[in-house]
Amino acid sequence: MISDQDALRVISAAIDRTRLLREGLDRTRFIERMEKDWIFAAAVSFQMVQIGELVSGMMAGGRSGRERDAMAVSRHPEVDWQGFVDMAETLLDNPPRATFGPVWEQIEVELPTLSHAIEGLVR
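Analysis parameters
Residues numbered from 1 in each chain as written. Predicted model: local features only at pLDDT ≥ 70, side-chain atom pairs only at ≥ 80, totals over all residues. Heavy atoms only, no water. Phe/Tyr/Trp six-rings, centres within 6.5 Å; stacked < 30°, edge-to-face > 60°. Helix = DSSP H or I, 4+ residues; strand = E, 2+ residues; numbered from the N terminus. Buried < 20%, exposed > 50% of the residue type's maximum accessible area, 1.4 Å probe, protein only. Polar contact = N/O pair within 3.5 Å; in protein donor to acceptor, adjacent residues only side chain to side chain. Contact = heavy atoms within 4.5 Å. Expected span 1.5 Å × (residues − 1). Axes fitted to C-alpha atoms, helices over the stretch in contact; angles between N-to-C directions. Parallel < 35°, antiparallel > 145°, perpendicular 65-115°, else oblique. Left-handed = near helix turned anticlockwise from the far one by under 90°. Nonpolar A, V, L, I, M, F, W, Y, C, P; charged D, E, K, R; others polar.

Engineer: It is not clear to me how the packing of aromatic side chains should be interpreted in this structure. Could you clarify?
Structural biologist: Each aromatic ring pair is specified by the distance between its two centres and by the angle formed by the two planes. The full count for this structure, using the stated rule, is 2 aromatic pairs. Aromatic pair Phe30 and Phe40: ring centres 5.8 Å apart, planes at 75°, arrangement edge-to-face. Of the two residues, Phe30 is situated in helix α2 (residues 27-36) and Phe40 in helix α3 (residues 38-59); the sequence distance between them amounts to 10 residues. Judged by its relative accessible area of 0%, Phe30 falls in the buried class. The class of Phe40 is buried, set by a relative accessible area of 4%. Each member of the aromatic cluster is reached from another via a ring pair, and the members are Phe30, Phe40 and Trp104.

Encoded structure:
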């Protein structure tokens, strides 16, 4: 099991990789690429699932199970923490029930909020 600090570092790296993947794409081109390019869709989905899974552990009282380790979540109510968990679950569904509009919205709207929130938490 990794610490919350390590989880935050992994989340930060996943955010950076997601930004690189969507670079230069508007909403329409992103959704088209997600629908037609399974390698691109898998890469984006992996990053979003990784974020959601790590956030889920942090929401559950911290990766170590100690309440104090969940402070990152409680100190940043502006972040839709549960939304990242829900997106991960949606992307992992088999058969997939994800449509790619909500993935775009989370990347464009929620990911910058998460990124800003964790900037000051990563040591």
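Engineer: Looking at this structure, how should I read the side chain of Thr18?
Structural biologist: Position of Thr18 among the secondary structure elements: in helix α1 (residues 4-22). Polar contacts involving the side chain of Thr18 include one to the main-chain carbonyl oxygen of Ala14, which spans 2.8 Å. Once residues within four sequence positions are removed from consideration, Thr18 is found in contact with Gln47, Met48, Ile107 and Leu111.

Engineer: Can you help me understand helix α5 (residues 81-92) in this one?
Structural biologist: In an α-helix, one turn spans 3.6 residues; hence positions three or four apart end up facing the same way. With 12 residues, α5 should cover 16 Å at 1.5 Å per step; its first-to-last C-alpha distance of 17 Å lies within 8% of that length. Among the residues making up α5, those that are buried are Trp81, Gly83, Phe84, Val85, Met87, Ala88, Thr90 and Leu91.

Engineer: So what exactly am I meant to see when it comes to the packing of α1 against α3 here?
Structural biologist: Running from amino to carboxyl end, α1 crosses α3 at an angle of 155°, the nearest separation of the two axes being 9 Å. With respect to α3, the axis of α1 lies roughly antiparallel. Along this stretch, α1 crosses α3, giving a crossing that reads as left-handed. For the pair formed by α1 and α3, the contact residues are Asp4, Ala7, Leu8, Val10, Ile11, Ala14, Ile15, Arg17, Thr18 and Leu21 on the first element and Phe40, Ala43, Val44, Gln47, Met48, Gln50, Ile51, Leu54, Val55 and Met58 on the second. Grouping the amino acids of the contact of α1 with α3 by side-chain chemistry returns 15 nonpolar, 3 polar and 2 charged.

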